[in-house]
Amino acid sequence: MTICGICGRDALEDELCRYHHEASNNLKVAYEGWNEATGINWEEYLDRISQIEETGRWVIDVIEYIMTQDDPLTKM
Ligand SMILES: [Zn+2]
């Protein structure tokens, strides 16, 4: 059984548990909207989102996880 790369719970297909998987999906969907509206790039977006107070703990975890990857852009 694969475990979540962030929290160690049982993971789904992308090496994230269902909570972090959902947070990751939300992050990507929201990015598409931001990118269309402002032209912001992925790294700028993650940086921005991580500084918003309302951003949930699950999403923050995902951002921190993405940032530790060798190439954050491949995680889009
Ligand atoms: Zn997790």
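Before any of the text, the structure's been laid out above.
Residues numbered from 1 in each chain as written. Predicted model: local features only at pLDDT ≥ 70, side-chain atom pairs only at ≥ 80, totals over all residues. Heavy atoms only, no water.

Asks: I would appreciate a short explanation of helix α2 (residues 42-50) in the present structure.
Replies: Because an α-helix completes one turn every 3.6 residues, residues spaced three or four positions apart along the sequence face the same direction. Within the span of α2, buried status applies to Trp42, Tyr45, Leu46 and Ile49. Viewed along the axis of α2, the buried residues span an arc of 100°, placing them on a single side of the element. Check the buried side of α2 and you find it contacts α1 (18-38) and α3 (57-67). With a side-chain oxygen lying 3.1 Å from the backbone nitrogen of Glu43, the N-terminal cap of α2 falls on Asn41. (Buried < 20%, exposed > 50% of the residue type's maximum accessible area, 1.4 Å probe, protein only. Helix = DSSP H or I, 4+ residues; strand = E, 2+ residues; numbered from the N terminus. Arc of directions from axis to C-beta. Contact = heavy atoms within 4.5 Å. Polar contact = N/O pair within 3.5 Å; in protein donor to acceptor, adjacent residues only side chain to side chain.)

Asks: Any chance you could explain the coordination of the zinc ion here in plain terms?
Replies: Angles between donor atoms at a metal ideally measure 109.5 degrees for a four-coordinate tetrahedral arrangement and either 90 or 180 degrees for a six-coordinate octahedral one. On the protein side, the zinc ion has Cys4 (SG), Cys7 (SG), Cys17 (SG) and His20 (ND1) as donor atoms, found 1.9 to 2.3 Å from it. One can describe the site at the zinc ion as tetrahedral: its 4 donor atoms subtend angles covering 104 to 117° at the metal. In the primary structure, the donors to the zinc ion are separated according to the pattern C-x2-C-x9-C-x2-H. Of this pair, Cys4 sits in the segment before α1 while Cys17 sits in the segment before α1, and the two are 13 residues apart along the sequence. The class of Cys4 is buried, set by a relative accessible area of 4%. (Donors = N, O, S within 2.8 Å, 3.2 Å for Na, K, Ca; no water. Tetrahedral: all angles 85-135°; square planar, octahedral: opposite > 155°, others 65-115°.)

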